[in-house]
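# Architecture at a glance
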Amino acid sequence: MTRKVRKAVFPVGGMGTRFLPATKAMPKEMLPVVDKPLIQYAVEEAHAAGIEEFIFVTGRGKTSIEDHFDYSIELQKILTERGKTAQAAQIGGPMLKPGQVAYTRQQEPLGLGHAVWCARDLVGDEPFAVLLADDLIMAKTPCLKQMVDVHAKTGGNIVAVMDVPREHTNRYGVLDTGVEDGRLVEVRGLVEKPDPAVAPSTLSVIGRYILLPQVFDHLGSQEVGAGGEIQLTDSMARMIGGLPFHGLRFEGERFDCGDKAGFLEANVAFALARDDLRDEVRAILRKYS
């Protein structure tokens, strides 16, 4: 019987250097898309997928993330006293209830694989999800919910995948593909950031994973990979064979919010999707077109 995915890991210890100076004193995960920080979109996606325990792998200067998911008694009181009921309802109580959230620190930025490994004792011996807040996905059915539903049938490891231009394969973990069944693709191999000339395909992993706890055994070797970092892709590749391993072509639009242009596009797309902003945003875009 396939065990339910109950826990999610959010690696939020990165320095966000591509968004300096904005991220000098603010975590990149707190950058807002319209009026919600990136990390809140990721947490809401996990919550919609049935996740019960939320594990944040943080670093220095990330306490605002903890504060964001806490209950602000002072702000709630001020808004209520001033009759700002709509705003008071927006912040409401804490999204993550007592006992649902845990924080652990990644003392050094040694890569995504190292960040996930830091959560090993909190995850324990069960399948778990990993969500990267930089990858913002607009979808009718949240991306992780799509993956959890597939995992309930297939078990094993599942990664969210999408086709990218061949010249961009050196930015991603890329699949060596096997049998395809609709949106589900058998993973026969994984290569981290391959040169476009030798990439086994253009089907690339984006920031959503469901992984078996055996990945911690491989991450524990602390082997350095591409970019001088401990890569999650390398440890996932060692789990191929024996247990099911699939890529899921998710339904939805992905925005790379680790990139300035992608972040700006996400703001436009999410604003245009809102009834209260659509007309104004369209007018602004026409003004600058």
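Below is a short write-up of the structure. (Residues numbered from 1 in each chain as written. Predicted model: local features only at pLDDT ≥ 70, side-chain atom pairs only at ≥ 80, totals over all residues. Heavy atoms only, no water.)

## Topic: the overall build of the chain
Helices and strands together make up the secondary structure of the chain, namely 11 helices and 13 strands. C-alpha atoms of the chain, sized along the principal axes, occupy 60 × 50 × 35 Å. Expressed as a percentage of the 289 residues in the chain, the buried residues total 46%. Sequence separation of 24 or more characterises 75% of the internal contacts of the chain that already satisfy a separation of 6 or more. Element-wise, carbon and sulfur atoms account for 51% of the exposed surface of the chain, whose accessible area totals about 14600 Å². (Helix = DSSP H or I, 4+ residues; strand = E, 2+ residues; numbered from the N terminus. Buried < 20%, exposed > 50% of the residue type's maximum accessible area, 1.4 Å probe, protein only. Contact = heavy atoms within 4.5 Å. Areas by Shrake-Rupley, 256 points an atom, 1.4 Å probe, with all protein chains shown as cover.)

## Quick word on the packing of helix α10 (residues 260-272) against helix α11 (residues 278-288)
Put simply, α10 and α11 touch, their axes get as near as 8 Å, and they point 135° apart. In terms of their interaxial angle, α10 and α11 are classed as oblique. Two secondary-structure elements touch here, α10 through V268, A271 and L272 and α11 through R278, V281, R282 and L285. Partitioning the contact of α10 with α11 into residue classes produces 5 nonpolar, no polar and 2 charged. (Axes fitted to C-alpha atoms, helices over the stretch in contact; angles between N-to-C directions. Parallel < 35°, antiparallel > 145°, perpendicular 65-115°, else oblique. Nonpolar A, V, L, I, M, F, W, Y, C, P; charged D, E, K, R; others polar.)

## Points about unusual backbone geometry
L20 connects to P21 through a cis peptide bond whose omega is 5°. Tracing the chain through its elements places P21 in the loop between β1 (7-11) and β2 (32-33). Although it is not a glycine, K193 adopts a positive phi angle of roughly 50°. The class of K193 is partly exposed, set by a relative accessible area of 39%.

## Considerations on the environment of I230
Take I230: it is sitting in the loop between α8 (215-219) and α9 (232-237). What I230 contacts, discounting residues up to four positions off in sequence, is L110, G111, L112, G113, H114, L219, Q222 and E223.

## Quick notes on the packing of aromatic side chains
Per the counting criterion, the structure on display carries 8 aromatic pairs. Both rings, one in Y41 and one in F270, keep their centres 5.2 Å apart while their planes meet at 70°; by these two values the pair is edge-to-face. Highlighted residues: Y41 in helix α1 (residues 38-48) and F270 in helix α10, separated in sequence by 229 residues. In this structure, Y41 and F270 share a single accessibility class: buried. Seen from their ring centres, F255 and F270 are 6.0 Å apart, and the 65° between their planes marks the pair as edge-to-face. Taken together, the residues span a long stretch of sequence, with F255 in strand β13 (residues 253-256) and F270 in helix α10 at a distance of 15 residues. The residues F255 and F270 share a single accessibility class, namely buried. (Phe/Tyr/Trp six-rings, centres within 6.5 Å; stacked < 30°, edge-to-face > 60°.)

## Structural notes on the nonpolar core
One finds F10, I39, F56 and L144 to be the most contacted residues of the largest nonpolar core, which totals 47 residues. Counting residues per element, this core draws most heavily on α1, at 6 residues. If sequence neighbours within four positions are ignored, F10 has contacts with I39, A42, V43, A46, F54, I55, F56, V57 and L131. In this structure, V9, A115, V161 and L232 belong to the second largest nonpolar core, which totals 30 residues. (Core = buried A, V, L, I, M, F, W, Y, C linked by side-chain atoms within 4.5 Å.)

## Concerning α10
Each full turn of the α-helix corresponds to 3.6 residues, which orients residues three or four apart in the same direction. Over its 13 residues, α10 extends 19 Å from the first C-alpha to the last, a length consistent with the 18 Å expected when each residue adds 1.5 Å. G262, F263, A266, N267, A269, F270 and A271 are the residues of α10 that are buried. Each element contacted by the buried residues of α10 is listed here: β2, α1, β7 (135-138), β13 and α11. Put simply, D259 is the residue that caps the front of α10, since its side-chain oxygen is 3.1 Å from the backbone nitrogen of A261. (Expected span 1.5 Å × (residues − 1). Polar contact = N/O pair within 3.5 Å; in protein donor to acceptor, adjacent residues only side chain to side chain.)

## Overview of the pairing of strand β6 (residues 128-131)
Across the two faces of β6 the burial is the same, with F128 and V130 and A129 and L131 all buried. The pairing of β1 with β6 spans 3 bridges and is classified as parallel. If you follow A8 over to β6, its bridge partner there is A129. When β6 meets strand β11 (residues 203-211), the two strands line up antiparallel, connected through 4 bridges. Across the sheet, residue F128 finds its bridge partner in β11, namely L211. (Pairing = 2+ DSSP bridges.)

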